Amino acid sequence: MSGDERDQGTTGGSDRGRGGRNDGFDDLLDAIEAGEGYYLRCPNDHGSLPPRRVCPHCGARDLDEHPLPESGTVATHTVVRVPTPQFADDAPYATAVVDFGTVRLTGVVDADPEAVETGMTVGATVGESRTSGERLVRFVPR
Ligand SMILES: [Zn+2]
């Protein structure tokens, strides 16, 4: 049973925000909104975010869901002053990559963009773009 049926990436969320299908990502947003955010972990302790069927690091298919930690720390951040049209009314804002231990999430920080710092502790929640109303991951300082 070597299974050559591979995940061809049709469930990959790489075109998120383009108005395309991102149902798996929406599931994650639903879970975070309900306070039940989760991530996937393979037997080798690699973390990844849903939707996935295969570990992106080692190819393991045995992925378990684990609760997302209550808070993480800002690993990198960027202040956006000249946004794309779909975020026109949100600027300026800070986007950050937040480290939750084994996984990282990207989102908008719910704080004065100038106050966002690497190492800052934040929790993940779900908010909406002021411009488009589209749901996105927001980080709230803890
Ligand atoms: Zn793995």
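This text follows the structure it describes.
Residue indices begin from 1 for each chain and proceed along its sequence in written order. Where local features are concerned, this predicted model is filtered to residues with pLDDT of at least 70; where side-chain atom pairs are given and counted, the filter is 80 or more; whole-chain, interface and lining totals use all residues. Just so you know, side-chain values use all the structure's heavy atoms and leave hydrogens and water out.

Colleague: Give a description of the sheet that holds strand 2 (residues 47–48) that names residues and reports values.
Modeller: Whenever strands of a sheet pair, they do so through backbone hydrogen bonds, lying parallel or antiparallel. Taken together, three strands build an open sheet; the order of strands is 2-1-3 and the sheet is antiparallel. One side of each edge strand has no neighbouring strand; the edge strands of this open sheet are strand 2 and strand 3 (64–67). One ladder, built from four bridges, connects strand 1 (residues 38–41) with strand 3; its direction is antiparallel. For Y39, the partnering residue across the bridge sits in strand 3 and is H66. Two strands make a pair as long as DSSP finds a minimum of two bridges between them. Each helix corresponds to a stretch of at least 4 residues labelled H or I by DSSP, and each strand to a stretch of at least 2 residues labelled E; elements are numbered beginning at the N terminus.

Colleague: Describe the nonpolar core, and please don't skip the residues or the numbers.
Modeller: Nonpolar cores are built from buried Ala, Val, Leu, Ile, Met, Phe, Trp, Tyr and Cys residues. Side-chain atoms within 4.5 Å join them into one set. Each residue is assigned to one of three classes by its accessible area relative to the maximum for its type, calculated with a 1.4 Å probe on protein chains only: buried under 20%, partly exposed between the two thresholds, exposed over 50%. In this structure, F100, L105 and F139 are the most contacted members of the largest nonpolar core, which totals 28 residues. Where this core is concerned, the elements lending two or more residues are helix 1 (23–33), strand 1, strand 5 (93–99), strand 6 (104–109), strand 7 (121–128) and strand 8 (135–141). The leading source of residues in this core is helix 1, at five residues. Contact partners of L105, with chain neighbours within four places excluded, come to L28, I32, L49, L68, A96, V97, V98, F100, A124, V137 and F139. Contact between two residues is taken to exist if any of their heavy atoms lie within 4.5 Å; hydrogens are not considered.

Colleague: For the packing of aromatic side chains, give the residues involved together with the corresponding values.
Modeller: Here a pair means two rings of Phe, Tyr or Trp (six-membered ring of Trp) with centres within 6.5 Å. Their orientation is stacked below 30 degrees between planes, edge-to-face above 60, and tilted elsewhere. For the structure on display, the rule yields two aromatic pairs. With centroids separated by 6.4 Å and ring planes inclined at 40°, the aromatic side chains of F100 and F139 adopt a geometry described as tilted. Taken together, the residues span a long stretch of sequence, with F100 in the loop between strand 5 and strand 6 and F139 in strand 8 at a distance of 39 residues. Taken as a pair, F100 and F139 share a single burial class, namely buried.

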